[in-house]
Amino acid sequence: MAAFPERMASVLLLWLAVSLTATLAVDRANFKSCDQSAFCKRQRALKPGESPYRALLETMELTNTRLTLQLKNDKNKVRLLLELYRLQGNITRVKINELKPLKPRYEVPDVLIREPPTEPLSLLSQDENGVVLSLGVDSQRVIVSARPFRLDIMQGRDVLLSLNSRGLLAFEHLRLRKDTFFTLITSTFASVWDIVKSVLSRQADGEAEDASLANEEEAVVNEKDEEGMWEETYKSFTDSKPNGPTAIGLDFSFPGVEHVYGIPEHADTLRLKTTENGDPYRLYNLDVFQYELENQMALYGSVPVMLAHNAQRTTGIFWLNAAETWVDISSNTAGKTVFGKMLDYVQGSSETPQTDVRWISESGIIDVFIMLGPTPNDVFAQYASLTGTQAFPPLAALAYHQCRWNYNDQEDVQAVDAGFDEHDIPYDYIWLDIEHTDGKRYFTWDPNKFATPKEMLQSLMDKKRKMVTIVDPHIKVDSNYKIHNGLKSQGFYTKNKDGGDYEGWCWPGSAGYPDFSREDMRAWWASMFAYDQYEGSMENMHSWNDMNEPSVFNGPEVTMHKDAKHGDWEHRDLHNIYGLYVQKATAEGLIQRSGGVERPFVLTRAFFAGSQRYGAVWTGDNAAEWGHLKISIPMCLSMGLVGIAFCGADVGGFFKSPSSELLVRWYQTGAYQPFFRAHAHLDTSRREPWLFGPENTALIREAVRQRYTLLPYWYQQFYHTYRTGQPVMRPLWVEYTQDPATYALEDQFLIGRDLLVHPVTEEGARGVTAYLPGKEEVWFDVHTFQKHNGAQNLYIPVTMSSIPVFQRGGSIIPRKLRVRRSSTCMEHDPYTLMVALDPQGAAEGELYIDDGHTFNFEKKEFIHRKLSFANNILSSLNLSPEAQFSTSSSVERIVILGAKKPTKATLRTADGKSSQLEFDFDTATSVLTLRKPGMNAGTDWSVMLQ
């Protein structure tokens, strides 16, 4: 009978989850609008052109590495300190903080990979109106105007970006609450006068204090308190706001720009919309059930990075703030029709397009990095220099993953595993959700359903397959639970506003939330993944972190109270970085358990700037609807633009049950997105790939097999993004920067430079129209080998088996055509090289090989080769002579698209030997196939066509 209350609690929690799913899925009223967020409402009420801030040029100090000067608010007399840095790599950093705050304000740690190295600033000119500084790159300079304060970055005569040009800088200073202030006066005048003097000294004008103290004191005391400054109620929740109003805001203008991108995560278009007639985009990590499409609501993750692009330049803004943030976007061309823009052109309108962006955050300081490009790849490199690049995943993680909430027991896992073999569908990872644990106690197993987890894991290992188990950051409050006791005894839980352990409701019932902002807590968490701590775990078991926004079922907006405490800081200060810390600690645990040898695989739902360093991200609890399939493309494209290259959506949709057509189309789409996982809700019917009839099984099998044949190319692209920060899945405009036809495309994308994919995402589609870019380029259909010219819209008839994919002429892509039951089984299989010639008869590509799972590639244990075709010679040359690695894989086939028929083909290998190769030539498609050349993939060789 003792187990009955716990069992009943689980039933009630499941009922609550289902109820929430049904109600919150479409009820936006459960999440705040800007008008319901007091600080957003206050800041948004400020009008352009009324800036109270001026730069006090007499306070300017310029050293070799930075400029500082004070800004004064002429309304309340509060002074701010502006710091400006020129960073290496064409980045400008601007920081604004209170000159003398009553207490420190939160500055986001652990996101930057290092303190960014600076470069010298030099003064070009100065007068009473402002100063001009050189940025030392292509005549770039910064102009700081004094009254009102404004900052412009220019190149030549062109303004690249303006800061506070609309006068919307707003910085709510820390202050004493008035009722507290006057109570203290009546009790202890002397001590209060000390406080007053401190306040007044921080606000002093720099002029004679004896003449200004009274005015300064009056300005501070007379500041009006507005509703929501010191306490705010939303629904039944009250936020105590002990520090009062602390919001910050700043505007940026992009002259000549009509297209801006980024600031994920939103279920919205790739090109960001204007927000003048609705809510701003919100960045506040939230557990949003079955989110709506095409709106600015916050979702699970937040990356405060925006890219602005036109034909001349790409620029980026990184707003380093982890508090709740809103982003307003306006444009002077918004709402104009194409005809209207053409009319402007014909009539000679002098109006230059401009996009204005306004950032508003609840607390912290202004710390912004302006990444000046000028190309998209430059911006990617600049951002990567600040927050790091995508972690290089194990090769198997790029293969197919099978998941649902939940596989019932070990027998169920075994049956699903066998089903893939029976139906000849490869997969690499099978996943277990929360039901595999002992009563939602993470790091444990259900003693009845998963009694011998090592036997289960060993059977998967015997087939060279792996498992992922879930580890969430809400910990069941249970004195018989090792993890809870460890956290409790060491004081590692987040605290409530009164100093006790913060508790909320989540899947286990009453739960505590570890304080992942603490380095010592993260180290302890990581230690729990050791094989002797996480009983039943093995080296082929990896992890995922769900619910790490954090999700609190009975909290405001289904998350943690903002006045909860992380040491000296409130949760409001660091909310958006909590999920990053959870993934970071988990990834470090998987690395440590292997002695630092094995690369981890960790999936996270919540994320922030820098999360790319720790693993993969998925788009959360989507639905089995065509709209959710379509929106997965711009959602992942947006993440790739801001560093998170390893992105995917739940194939088939998490909620609801897909039709067979939708499921097939989703597999076909997912097979060409970076993270490829099927996942489904507990209440949905089973949907393993073979449950929809033989025809659909065959279609799904083919989609999955296409993914496996391309794994060498996917792996190469992830190595490239690890090195450069460039996205794997990217919008067309990234490569075709001057082609306006690409700027708003979001139903097709590139993988690397060389594969263009236009998935079929419309129900009942009989055809799609793909835009093939590049006026002087050609594209080859990878299925039919038909050649098409670039710079055209191509209509493609489709059937249920169609996945429109094109290879760029001028590229060489390695494939492995012998598909086996897992990627590891294919490790030593031979390669096929797909050579697509450009109009000049040339092509180039790469081949990257390492062991696929360890960090040994950092020790130069890899093969990296350049493949090139020119003057009828195909060759393989070593790109990294200092690297040492060997492979038993050979090249078994070379397919050349757009070729001419040769009379003979001669292979020359590294040892100087020559041999004649057999070949076939298809006159109808101009495809030349060289069979069984047999040379080792890791050596020098060449093939001459005559």
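See the structure shown above.
These remarks concern the structure in this document. (Residues numbered from 1 in each chain as written. Predicted model: local features only at pLDDT ≥ 70, side-chain atom pairs only at ≥ 80, totals over all residues. Heavy atoms only, no water.)

**Focus: the overall build of the chain**
Argument step 1. Counting its regular elements, the chain contains 18 helices and 53 strands.
Argument step 2. The C-alpha atoms of the chain give 29 Å as radius of gyration, which agrees with the globular expectation for 946 residues (30 Å, within 12%).
Argument step 3. Across its three principal directions, the C-alpha atoms of the chain cover 95 × 80 × 55 Å.
Argument step 4. Within the chain, the proportion of its 946 residues that are buried is 60%.
Argument step 5. In the chain, once contacts between residues fewer than 6 apart in sequence are set aside, the share between residues at least 24 apart is 72%.
Argument step 6. When the accessible surface of the chain is totalled, it reaches about 35,200 Å², and 50% of it is carbon and sulfur.
Argument step 7. The chain carries 97 positive and 120 negative side-chain charges, and their two centres are separated by 3 Å. (Helix = DSSP H or I, 4+ residues; strand = E, 2+ residues; numbered from the N terminus. Rg over C-alpha atoms; globule rule 2.2 N^0.38 Å. Buried < 20%, exposed > 50% of the residue type's maximum accessible area, 1.4 Å probe, protein only. Contact = heavy atoms within 4.5 Å. Areas by Shrake-Rupley, 256 points an atom, 1.4 Å probe, with all protein chains shown as cover. Lys, Arg positive; Asp, Glu negative; His and termini not counted. Charge placed at Lys NZ, Arg CZ, Asp CG, Glu CD.)

**A closer look at the sheet that holds strand β30 (residues 602–604)**
Argument step 1. Spatially, β32-β31-β30-β27-β23-β22-β21-β34-β33 is the arrangement adopted by the 9 strands of the open sheet, whose pairing is parallel. Each having just a single partner strand, β32 (647–648) and β33 (650–651) make up the two edges of the open sheet.
Argument step 2. As defined by bridge partners, β30 adjoins strand β31 (residues 616–618) across 2 bridges and the pair is classed as parallel. Residue Thr-604 lies in a different strand from β31, and its bridge partner there is Val-617.
Argument step 3. Against the sheet, helix α9 (residues 453–462) touches β22 (429–432), β23 (466–470) and β27 (541–545), its axis set at about 140° to β23. (Pairing = 2+ DSSP bridges. Axes fitted to C-alpha atoms, helices over the stretch in contact; angles between N-to-C directions.)

**Here's the deal with the packing of aromatic side chains**
Argument step 1. A full pass over the atoms with the stated rule returns 47 aromatic pairs.
Argument step 2. Ring centres 4.8 Å apart and planes at 25° place the aromatic pair Phe-392 and Tyr-715 in the stacked group. Of this pair, Phe-392 sits in the loop between α7 (376–387) and β21 (400–402) while Tyr-715 sits in helix α17 (residues 711–724), and the two are 323 residues apart along the sequence.
Argument step 3. A connected cluster of aromatic rings, assembled from ring pairs, spans Tyr-429, Trp-431, Trp-544, Phe-601, Trp-618, Phe-646, Phe-675 and Phe-718.
Argument step 4. Here the basic side chain of Arg-599 rests over the ring of Phe-392, its NZ or CZ set 4.5 Å away from the ring centre.
Argument step 5. Over the ring of Trp-618 we find Arg-677; its NZ or CZ atom is 5.0 Å from the centre of that ring. (Phe/Tyr/Trp six-rings, centres within 6.5 Å; stacked < 30°, edge-to-face > 60°. Lys NZ or Arg CZ within 6 Å of the ring centre and 35° of its normal.)

**Thoughts on the side chain of Asp-152**
Argument step 1. Following the sequence through the fold, Asp-152 ends up in strand β8 (residues 150–155).
Argument step 2. Overall, the relative accessible area of 8% leaves Asp-152 in the buried class.
Argument step 3. Polar contacts involving the side chain of Asp-152 include one to the side chain of Arg-150, which spans 2.8 Å.
Argument step 4. With residues near it in sequence (within four places) discarded, Asp-152 still touches Arg-141, Val-142, Ile-143, Val-159, Leu-161 and Ser-162. (Polar contact = N/O pair within 3.5 Å; in protein donor to acceptor, adjacent residues only side chain to side chain.)

**Here's the deal with the sheet that holds strand β39 (residues 778–781)**
Argument step 1. The sheet built from 6 strands is open, its strands ordered β35-β36-β37-β42-β39-β40 with antiparallel pairing. Lying at the two open borders of the sheet, with one neighbouring strand each, are β35 (729–730) and β40 (787–789).
Argument step 2. With 3 bridges joining them, strand β37 (residues 755–757) and strand β42 (residues 805–808) adopt antiparallel strand pairing. From the neighbouring strand, Val-757 faces β42, where its bridge partner is Val-805.

**Topic: the side chain of Asp-446**
Argument step 1. Take Asp-446: it is sitting in the loop between β22 and α9.
Argument step 2. Buried charged residue Asp-446 carries no salt bridge. Nearest counter-charge: Lys-449, at 5.0 Å.
Argument step 3. Only 2.9 Å separates the side chain of Asp-446 from the backbone nitrogen of Lys-449, close enough to count as a polar contact.
Argument step 4. Not counting the four nearest positions on each side in its chain, Asp-446 is found in contact with Glu-435, His-436, Thr-437, Asp-438 and Ala-451. (Salt bridge = Lys/Arg side-chain N within 4 Å of Asp/Glu carboxyl O.)

**Here we look at the pattern of salt bridges**
Argument step 1. In the structure shown here, the tally under the stated rule is 54 salt bridges.
Argument step 2. A salt bridge links Arg-86 to Glu-119; the shortest N-O distance between them is 2.9 Å. Here Arg-86 is found in strand β3 (residues 79–87), whereas its partner Glu-119 is found in the loop between β4 (91–98) and β5 (122–127), with 33 residues between them in sequence.
Argument step 3. Arg-86 gets classed as buried once you look at its relative accessible area, which sits at 12%.
Argument step 4. Between Asp-501 and Lys-495 there is a salt bridge, and its shortest N-O distance comes to 2.6 Å.
Argument step 5. The network of salt bridges with common partners includes Asp-239, Arg-282, Glu-324, Glu-362, Glu-557, Lys-562, Glu-570 and Arg-572.

**Some words on the nonpolar core**
Argument step 1. Counting residues in hydrophobic clusters, the biggest one holds 170 residues, and the most contacted among them are Phe-318, Trp-525, Phe-601 and Tyr-667.
Argument step 2. Sort the elements by how many residues they give to this core and helix α14 (residues 626–641) lands first, with 9 residues.
Argument step 3. Apart from residues no more than four positions distant in its own chain, Tyr-667 is found in contact with Tyr-400, Gln-402, Val-651, Phe-676, Ala-678, Pro-689, Ile-700, Ala-703 and Val-704.
Argument step 4. Among the nonpolar cores identified, the runner-up in size contains 49 residues, and Leu-69, Leu-80, Val-144 and Ile-263 belong to it. (Core = buried A, V, L, I, M, F, W, Y, C linked by side-chain atoms within 4.5 Å.)

**Here's the deal with the packing of helix α16 (residues 694–709) against α17**
Argument step 1. Direction vectors running N to C along α16 and α17 enclose 55°, while the axes themselves pass 5 Å from each other. In this view, α16 runs oblique relative to α17, as classed from their interaxial angle. Touching Arg-707, Tyr-708 and Thr-709 of α16 are Leu-711, Pro-712 and Trp-714, all from α17.
Argument step 2. Among the residues forming the contact of α16 with α17, the class breakdown is 4 nonpolar, 1 polar and 1 charged. (Parallel < 35°, antiparallel > 145°, perpendicular 65-115°, else oblique. Nonpolar A, V, L, I, M, F, W, Y, C, P; charged D, E, K, R; others polar.)

**Points about the pairing of β4**
Argument step 1. For β4, the tally of buried residues reaches 8 of 8 residues, placing the bulk of the element in the interior.
Argument step 2. Across 8 bridges, β3 lies against β4 in antiparallel orientation. Directly across from Leu-81, in β4, lies its bridge partner Asn-97.
Argument step 3. Joining the antiparallel neighbours β3 and β4 is a turn of 3 residues, in which Gly-89 adopts a positive phi near 90°.
Argument step 4. In this structure, β4 lies alongside strand β20 (residues 366–371), joined through 6 bridges in antiparallel fashion.

**A look at the environment of Val-257**
Argument step 1. Its location among the elements puts Val-257 in the loop between β13 (248–255) and β14 (259–262).
Argument step 2. Separated by 674 residues in the primary sequence, Val-257 and Arg-931 have C-alpha atoms spaced 51 Å apart.
Argument step 3. In contact with Val-257, not counting residues within four places along its chain, are Ala-308, His-309, Asn-310, Pro-353, Gln-354 and Thr-355.

**Structural notes on α7**
Argument step 1. Given a rise of 1.5 Å per residue, 12 residues ought to cover 16 Å, and the 17 Å separating the end C-alpha atoms of α7 matches this to within 8%.
Argument step 2. For α7, the full list of buried residues reads Pro-376, Val-379, Phe-380, Gln-382, Tyr-383, Ala-384, Leu-386 and Thr-387.
Argument step 3. At the exit of α7 stands Gly-388, carrying a positive phi of roughly 90°. (Expected span 1.5 Å × (residues − 1).)

**Structural notes on the state of the cysteines**
Argument step 1. According to the stated counting rule, one finds 2 disulfides in the structure shown.
Argument step 2. Across the disulfide, Cys-636 is cross-linked to Cys-647 (sulfur-sulfur distance 2.1 Å). Since a negative S-S torsion denotes a left-handed disulfide, the Cys-636-Cys-647 link at about -75° is left-handed. Taken as a pair, Cys-636 in helix α14 and Cys-647 in strand β32 lie far apart in primary sequence, 11 residues in all.
Argument step 3. By relative accessible area, which is 1% here, Cys-647 ends up buried.
Argument step 4. Counting its disulfide-bonded cysteines in sequence order, the chain shows a connectivity of 1-2, 3-4. (Disulfide = S-S within 2.5 Å.)

**Structural notes on the packing of helix α15 (residues 660–670) against α16**
Argument step 1. Taken N-terminus to C-terminus, the directions of α15 and α16 make an angle of 10°; their axes are 8 Å apart at the nearest point. The orientation of α15 relative to α16 falls into the category roughly parallel. Across the interface between the two elements, Ser-660, Leu-663, Val-664, Tyr-667, Gln-668 and Gly-670 from α15 touch Asn-696, Leu-699, Ile-700, Ala-703, Val-704 and Arg-707 from α16.
Argument step 2. Looking at the contact of α15 with α16 residue by residue, the class counts come to 7 nonpolar, 4 polar and 1 charged.

**So, the environment of Val-379**
Argument step 1. Relative to the helices and strands, Val-379 is located in helix α7.
Argument step 2. Between the alpha carbons of Val-379 and Leu-641 there is a distance of 9.4 Å; along the sequence they are 262 residues apart.
Argument step 3. Setting aside its immediate chain neighbours within four residues, Val-379 contacts Leu-307, Thr-314, Thr-315, Gly-316, Met-371 and Gly-373.

**Description of α15**
Argument step 1. Burial of α15 is extensive: 10 of the 11 residues sit out of reach of the surface.
Argument step 2. Those residues of α15 that sit buried are Glu-661, Leu-662, Leu-663, Val-664, Arg-665, Trp-666, Tyr-667, Gln-668, Thr-669 and Gly-670.
Argument step 3. Among the structural elements, β21, α14, β33, β34 (676–678) and α16 are those in contact with the buried residues of α15.

**Description of unusual backbone geometry**
Argument step 1. With an omega of 15°, the peptide bond between Gly-373 and Pro-374 qualifies as cis.
Argument step 2. Cis geometry is found at the peptide bond from Trp-405 to Asn-406, where omega equals 10°.
Argument step 3. Locating Asn-406 in the fold gives a position in the loop between β21 and α8 (410–422).
Argument step 4. Here the phi dihedral of Asp-424 falls at roughly 60°; this positive angle occurs in a residue that is not glycine.

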